[in-house]
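# What the coordinates show
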2 protein chains.
Amino acid sequence: MAKDKKVEQITDMEVDFAQWYTDICRKAELVEYASVKGFTILRPYGYAIWENIQSILDGMFKKTGHVNVAMPVLIPESLLKKEGELVNGFAPEVAWVTMGGSEQLEERLAFRPTSETMFCDHWHSVLHSWRELPMLYNQWCSVIRWEKTTRPFLRSREFWWQEGHTIHETAEEAQAETEQQLNCYADFFENILAIPVVRGRKTEKEKFAGAEATYTVECMMKDRKSLQGATSHYFGDKFSRAYDVTFTGRDNKLQYPFQTSWGSTTRMIGAIIMTHGDNNGLVLPPKIAPVQVIVLPVAQHKEGVLENAAKLRDRLLEAGLRVKMDDSDNSMGWKCAQHEMKGVPLRVECGPRDMEAGQCVLVRRNDGEKITVKMEDLESAVIEQLDIVHNMMFEAAKKNMDDNTYEAATVEEAVALQKEHGGFIKTKWCGDLACEMAMKEQGGMSSRCMPLAQSGTVGKCVCCGKETTTDIYWGVAY
Amino acid sequence: MAKDKKVEQITDMEVDFAQWYTDICRKAELVEYASVKGFTILRPYGYAIWENIQSILDGMFKKTGHVNVAMPVLIPESLLKKEGELVNGFAPEVAWVTMGGSEQLEERLAFRPTSETMFCDHWHSVLHSWRELPMLYNQWCSVIRWEKTTRPFLRSREFWWQEGHTIHETAEEAQAETEQQLNCYADFFENILAIPVVRGRKTEKEKFAGAEATYTVECMMKDRKSLQGATSHYFGDKFSRAYDVTFTGRDNKLQYPFQTSWGSTTRMIGAIIMTHGDNNGLVLPPKIAPVQVIVLPVAQHKEGVLENAAKLRDRLLEAGLRVKMDDSDNSMGWKCAQHEMKGVPLRVECGPRDMEAGQCVLVRRNDGEKITVKMEDLESAVIEQLDIVHNMMFEAAKKNMDDNTYEAATVEEAVALQKEHGGFIKTKWCGDLACEMAMKEQGGMSSRCMPLAQSGTVGKCVCCGKETTTDIYWGVAY
């Protein structure tokens, strides 16, 4: 008999978005808090999402010639300090190892907050000739940044990420790499995570410590706050000079290579939750869902139902999909709610009456739509529906972003729009830090990016009124 | 024109095995020393081997129902100390984080030397019912153990590994898991790495700190020293009790689950080098070689040679193999030496004369044998030869192990055999620590394992002469 197991409720997002978010993180079993303050545990379901993200991104990196390496996790303080801006940017957040076994260390070691310094140190010792360039490296690891306040996926003391680090013979090549990797992220967000992005460049104030230029993909969450999706940095030869990385050029002279780095993190899972989730829980983009299809036998005690459901599951597995069947003794209502909470994109239901009619029913997670399909068309119908789900999710998120992007001519207008609607506020900006600070002070908004797609029109800076062509996006950011 | 680039030499293994080993690590570009003392960098070629190892092992774990998670890298001292034996075993090797940003931490945090404590802490908070058991978890990460002397892959302060951690309803299930994972490792070593192993149980002295029983796969290197390949531990309910991990059993009473852990590390790459390498460099088992086949065009300046070689490469890629073509302007001699150094299992050569004859030549890395094959049979011939290479490598390693396993009746005999031949010394052992220590003191040998395949015959302890049936292996270990 079906047990009357209670379906766990989550807070409505309209009532308390932050609590809704945390509820999903916990109830969908993505993360759990650890007893180390500010640290989280990626549980199997959360980690499975991360594995799918890793596998696809890693494939994209490798297609463009990148290779993986592993650098030491600890960085001597003296090495970290060779480039002043970087260490100033990260010093307040560094965790320090000061003891090895029972010995006090002569020099304390930083748990990597980012690895530019280690890569430079390595290149200093292995790079010799222009023939060895470019070196296109990446690593998957965790980093620590000692944040004061933390939230699962969005801000935690340890997080998991990939950090790409490359060096090139010329500035042009390094700039092209920076741009290529930005586009790679944009492609990944839109075509894999179904999250639309604005590609742009960060202001001087918001760029990565030590970078010459930082590019970003910016997303908009369902609460209309902004989230920085991933970043790509161009360093020029600044770090090369600081770390004495040189090579013999084609002209037989010693030269400094030009450098990039680019990174994306488990924060992407936070972006997925807040872009696609609803009051029934998580809604996962099909391409990274650990379970793409859940097969639910209806009236499973009836003869042949379970066997038939297993057959459907096996056919879908055979078609290369990630599929599970739930033949537990929980009630049908509980099962549906449970797999909705976990964001499984598609449900396949099949009971005795369906079997008689030679059909089964597909139910889409994102909009609850039911589609009856002939049993023999199952594979093609499921594959088609997963595509449709992806596209619908992307379109819904795009609409949210487009509908909540507002233009403003003055700070007052910008502040009023932000207060009423949230979202992106698009303005002209003169480039001055003072004007950027005014937006922060008066409206709590940070500059998100100067979009790569600039209109080119002349207008007045939102703050000081100076004439400028620069378009910029502002928002309240995670 | 071909340049006369010099082929880098390595020390002969007969002259200085340790130097030969280090030379391969560096010249095959597997690792590089970092400027953090005792830490190494896994370079792209070394990491690519590790990626192949990870991918295959991970698939094996998943096939038996294991899932991956990520636990925090830092462990509060108080948590680490809850189980006395574990902390006593690892305390001298722990790296301690004592500062976060500019603040002194109230409690110092250990960089994980192993994660039993974190898993137990997590299970303490998430486990409720027997229905949730077993929990079959694994994680891929790096750990730190503050070793005094270090060698690439074999012993370094940071190393990369997987650590499986599972809890079960009954002792029997946990014991079966321990055994299953030991067999998984043995299977992986023999059928993937082409390294024969002895499966066995560790003595009380050699077992993992806190474990009730430790099982191991032991290998023999070309210098006839022993290397512990991977281990699998059974904990009983000791950690569950120490960390208060409980569940409601089928009888509705609170119970402690039974626990296992099992691990394998980047040390396996060291085992590959020392099991298969020769005086020309690395020899890689085909199943984990980043490049399985290198295509070398002969007289590549002649018309059509490069195009033909590219076609051969593409055909092999199409067949699902990992293939590269070397059309650099280095000399043929240099190229051969270079790809031999890197251990590429198979070389395909094809020049104008071969093209005329409709053939190409395969050269095996392990024994230098050349096989002429018809162009149209390329794929099947290459796949067949890679299989042959794997089997030949395994057989050669097996012969080395079998030929260097000696039986001894007394400590004196054991010491003499070890001194003359090295290898495994097989004896009877009464089980007493004093006898085990005598072997260490008089012959520098540690007990490697009590093989699972026990003869059952009665004999006399190698040291005290007491009657016993226990067979045991001794060796000088890495």
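Residues numbered from 1 in each chain as written. Chains lettered and ligands numbered in written order. Predicted model: local features only at pLDDT ≥ 70, side-chain atom pairs only at ≥ 80, totals over all residues. Heavy atoms only, no water.

In this section: the overall build of chain A. Counting its regular elements, chain A contains 14 helices and 25 strands. Computed over its C-alpha atoms, the radius of gyration of chain A comes to 25 Å, within 12% of the 23 Å expected for a compact globule of 478 residues. Dimensions of chain A, computed from the C-alpha atoms along their principal axes, are close to 80 × 55 × 45 Å. Burial statistics for chain A: of 478 residues in total, 60% are counted as buried. Accessible surface, chain A: about 19,100 Å² in total, of which carbon and sulfur atoms supply 48%. Seen as two clouds, the 56 positive and the 69 negative side-chain charges of chain A have centres 2 Å apart. (Helix = DSSP H or I, 4+ residues; strand = E, 2+ residues; numbered from the N terminus. Rg over C-alpha atoms; globule rule 2.2 N^0.38 Å. Buried < 20%, exposed > 50% of the residue type's maximum accessible area, 1.4 Å probe, protein only. Areas by Shrake-Rupley, 256 points an atom, 1.4 Å probe, with all protein chains shown as cover. Lys, Arg positive; Asp, Glu negative; His and termini not counted. Charge placed at Lys NZ, Arg CZ, Asp CG, Glu CD.)

Another aspect to go through is helix α13 (residues 411-421) of chain A. Residue and element names in this part refer to chain A. Turning to α13, its buried residues number three or more, namely Val411, Ala414, Leu417 and Gln418. The arc that holds the buried residues of α13, viewed along the axis, is 130°, so those residues lie on one side. Exposed residues pointing more than 90 degrees away from the buried face of α13 are listed as Glu412, Lys419 and Glu420. Of the surrounding elements, those touching the buried residues of α13 are β20 (405-407), β21 (424-428), α14 (433-443) and β25 (471-475). Looking one or two residues past α13, Gly422 carries a phi angle of roughly 70°, positive in sign. (Arc of directions from axis to C-beta. Contact = heavy atoms within 4.5 Å.)

Attention now goes to the pairing of strand β19 (residues 370-374) of chain A. Residues and elements named next belong to chain A. Along β19, the buried face is formed by Ile371 and Val373; none of Lys370, Thr372 and Lys374, which line the opposite face, is buried. Note that strand β18 (residues 359-364) and β19 share five bridges and pair antiparallel. What sits directly across from Val363, in β19, is Lys370. Adjacent in sequence and paired antiparallel, β18 and β19 are bridged by five residues, among which Gly368 carries a positive phi angle near 75°. (Pairing = 2+ DSSP bridges.)

Our focus in this paragraph is the relation of the copies chain B and chain A. Between the two copies of the chain lies a rotation about an axis combined with a shift along it. Of the transformation placing chain B onto chain A, the axial shift is 0.0 Å and the rotation is 180°, giving an RMSD of 0.0 Å. When the rotation and shift are considered jointly, the pair of chain copies conforms to a two-fold rotation axis. In terms of proximity to the rotation axis, the leading residue of chain B is B:Val97, whose C-alpha is 2.1 Å off the axis. Most of the interface of chain B is mirrored in chain A, where 100% of its interface residues again form contacts. (Least-squares fit on C-alpha atoms with pLDDT ≥ 70 in both.)

The next thing to look at is the sheet that holds strand β10 (residues 213-220) of chain B. Residue and element names in this part refer to chain B. Strand order in the open sheet formed by 11 strands is β3-β7-β8-β14-β11-β10-β9-β22-β25-β21-β20, with mixed pairing between adjacent strands. Each of the sheet's edge strands pairs with one partner strand only, and the pair in question is β3 (67-68) and β20 (405-407). The pairing of strand β8 (residues 158-168) with strand β14 (residues 258-265) spans eight bridges and is antiparallel. Each residue of the ladder has a partner; that of Trp161, found in β14, is Thr265.

Residues and elements named next belong to chain B. Burial of strand β21 (residues 424-428) is extensive: four of the five residues sit out of reach of the surface. For β20 and β21, the ladder comprises three bridges, and the chain directions are parallel. Its bridge partner lying in β21, Tyr406 is registered against Ile425. Taking the sense of rotation as the criterion, the β-α-β connection linking β20, helix α13 (residues 411-421) and β21 turns out right-handed. (Right-handed = clockwise from strand over helix to strand, strands pointing away.)

All right, on to the packing of aromatic side chains then. Per the stated rule, a full pass over the model turns up 33 aromatic pairs over all chains. Seen from their ring centres, A:Trp50 and A:Trp140 are 5.8 Å apart, and the 75° between their planes marks the pair as edge-to-face. In this pair, A:Trp50 is assigned in helix α2 (residues 44-63) and A:Trp140 in strand β7 (residues 135-144), connecting sequence segments 90 residues apart. Accessibility expressed as a relative area gives 1% for A:Trp50, which makes it buried. Ring geometry for B:Phe39 and B:Trp146: centres 6.0 Å apart, planes at 65°, overall edge-to-face. With B:Phe39 in the loop between β1 (31-33) and β2 (40-42) and B:Trp146 in the loop between β7 (135-144) and β8, this pair connects stretches of sequence that are 107 residues apart. The class for B:Phe39 is buried, based on a relative accessible area of 2%. Positioned above the aromatic ring of B:Tyr45, the side-chain terminus of B:Lys342 is 4.4 Å from the ring centre. (Phe/Tyr/Trp six-rings, centres within 6.5 Å; stacked < 30°, edge-to-face > 60°. Lys NZ or Arg CZ within 6 Å of the ring centre and 35° of its normal.)

Okay, the interface of chain B and chain A next. Between chain B and chain A, the contact holds 53 residues from the first and 53 residues from the second. Carbon and sulfur atoms make up 60% of the area that chain B and chain A hide from each other, which totals about 4,100 Å². Counting across the interface, chain B meets chain A through four salt bridges. Measuring nitrogen to oxygen at the nearest pair gives 2.9 Å for the salt bridge that ties A:Glu51 to B:Lys62. Between chain B and chain A we count 19 residue pairs in polar contact (both at pLDDT 80 or more) in total. Looking at the side of chain B that touches chain A element by element, the count peaks at six residues for strand β5 (residues 95-100) of chain B. (Buried area = accessible area lost by both parts, 1.4 Å probe. Salt bridge = Lys/Arg side-chain N within 4 Å of Asp/Glu carboxyl O. Polar contact = N/O pair within 3.5 Å; in protein donor to acceptor, adjacent residues only side chain to side chain.)

Our next topic: α2(A). Its 20 residues place the ends of α2(A) 28 Å apart at the C-alpha level, agreeing with the 28 Å of an ideal helix rising 1.5 Å per residue. Taken across its 20 residues, α2(A) has 15 buried, putting it largely inside the fold. (Expected span 1.5 Å × (residues − 1).)

This next bit is on the environment of B:Val217. Residues and elements named next belong to chain B. Within the secondary structure, Val217 sits in strand β10. A relative accessible area of 0% places Val217 in the buried class. C-alpha of Val217 to C-alpha of Asp387: the two residues are 170 residues apart in sequence and 23 Å apart in space. Here Val217 is in contact with Leu182, Tyr185, Ala186, Phe189, Val197, Val198, Arg199, Leu227, Gln228, Gly229 and Ala230, once residues within four sequence places are set aside.

To continue, consider unusual backbone geometry. Omega for the peptide link from A:Leu133 to A:Pro134 comes to -5°, which places this bond in the cis form. Take A:Pro134: it is sitting in the loop between α5 (116-126) and β7. The backbone of B:Asp244 sits at a positive phi, close to 55°, despite the residue not being glycine. Along the chain, the position of B:Asp244 falls in the loop between α7 (238-242) and β12 (247-248). A positive phi angle is found at B:Asn252, which is not glycine, with a value near 70°. Judged by its relative accessible area of 65%, B:Asn252 falls in the exposed class.

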